[in-house]
Amino acid sequence: MFDIWIGDVELTRCVLIFSLVVLLPLQLLLCFKVKRKGIRLIPVTLFFVLAVVLAMISAAVGGRTGLVYLFLAMFSGFMLLICGAGWGIWAVFRLIQQKKSGDRPMA
């Protein structure tokens, strides 16, 4: 994606690993085990708000500092996308379960 380094650590690779190893299983755990939708939406809400705030800061600051905030907003958006993938996986499993049990899917 981007070659952004902080010291000897590539930030893009860290975000990707964090998203796939921590965030996706956490979102799947929330979707499958938690009944209240508000609690399941906490990661989605957090990353959406973070991405919007960072994008607004990027627009307000400008220059190189604004570019840093823009990259951070993109990373937050990527994590939001991973949360959406978790919701998609959960929806597919729920649809498969409903078809196996013979229930009609809820609108």
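Scroll up to find the structure.
Now for a quick tour of the structure. (Residues numbered from 1 in each chain as written. Predicted model: local features only at pLDDT ≥ 70, side-chain atom pairs only at ≥ 80, totals over all residues. Heavy atoms only, no water.)

**Some points on the pattern of salt bridges**
Part 1: Under the criterion given, the structure shown has one salt bridge.
Part 2: When the shortest N-O distance is used, the salt bridge between Arg-13 and Glu-10 registers 3.5 Å.
Part 3: Classification of Arg-13 as exposed rests on a relative accessible area of 52%. (Salt bridge = Lys/Arg side-chain N within 4 Å of Asp/Glu carboxyl O. Buried < 20%, exposed > 50% of the residue type's maximum accessible area, 1.4 Å probe, protein only.)

**Some thoughts on the nonpolar core**
Part 1: Judged by nonpolar contacts, Ile-4, Val-15, Leu-23, Leu-24, Leu-28, Phe-47, Phe-75, Phe-78, Met-79, Ile-82 and Cys-83 together constitute the single largest core of 11 residues.
Part 2: Where this core is concerned, the elements lending two or more residues are helix H1 (11-33) and helix H4 (63-101).
Part 3: The biggest single contributor to this core is H4, with five residues.
Part 4: Contacts of Leu-23, omitting those with residues within four sequence positions, involve Phe-18, Phe-47, Met-79, Ile-82 and Cys-83. (Core = buried A, V, L, I, M, F, W, Y, C linked by side-chain atoms within 4.5 Å. Helix = DSSP H or I, 4+ residues; strand = E, 2+ residues; numbered from the N terminus. Contact = heavy atoms within 4.5 Å.)

**Observations concerning the environment of Pro-43**
Part 1: The topology assignment puts Pro-43 in helix H3 (residues 42-61).
Part 2: Measuring from C-alpha to C-alpha, the distance between Pro-43 and Cys-83 comes to 7.1 Å, with 40 residues separating the pair along the chain.
Part 3: Beyond its immediate stretch of four places on either side in the chain, Pro-43 contacts Gln-27, Leu-30 and Cys-83.

**Side note on the packing of H3 against H4**
Part 1: At a closest axis distance of 8 Å, the pairing of H3 and H4 adopts a crossing angle of 160 degrees. Considered as vectors, H3 and H4 are oriented roughly antiparallel to each other. In the crossing of H3 with H4, the sense of the turn from one axis to the other is left-handed.
Part 2: Considering only residue class, the contact of H3 with H4 consists of 18 nonpolar, six polar and no charged. (Axes fitted to C-alpha atoms, helices over the stretch in contact; angles between N-to-C directions. Parallel < 35°, antiparallel > 145°, perpendicular 65-115°, else oblique. Left-handed = near helix turned anticlockwise from the far one by under 90°. Nonpolar A, V, L, I, M, F, W, Y, C, P; charged D, E, K, R; others polar.)

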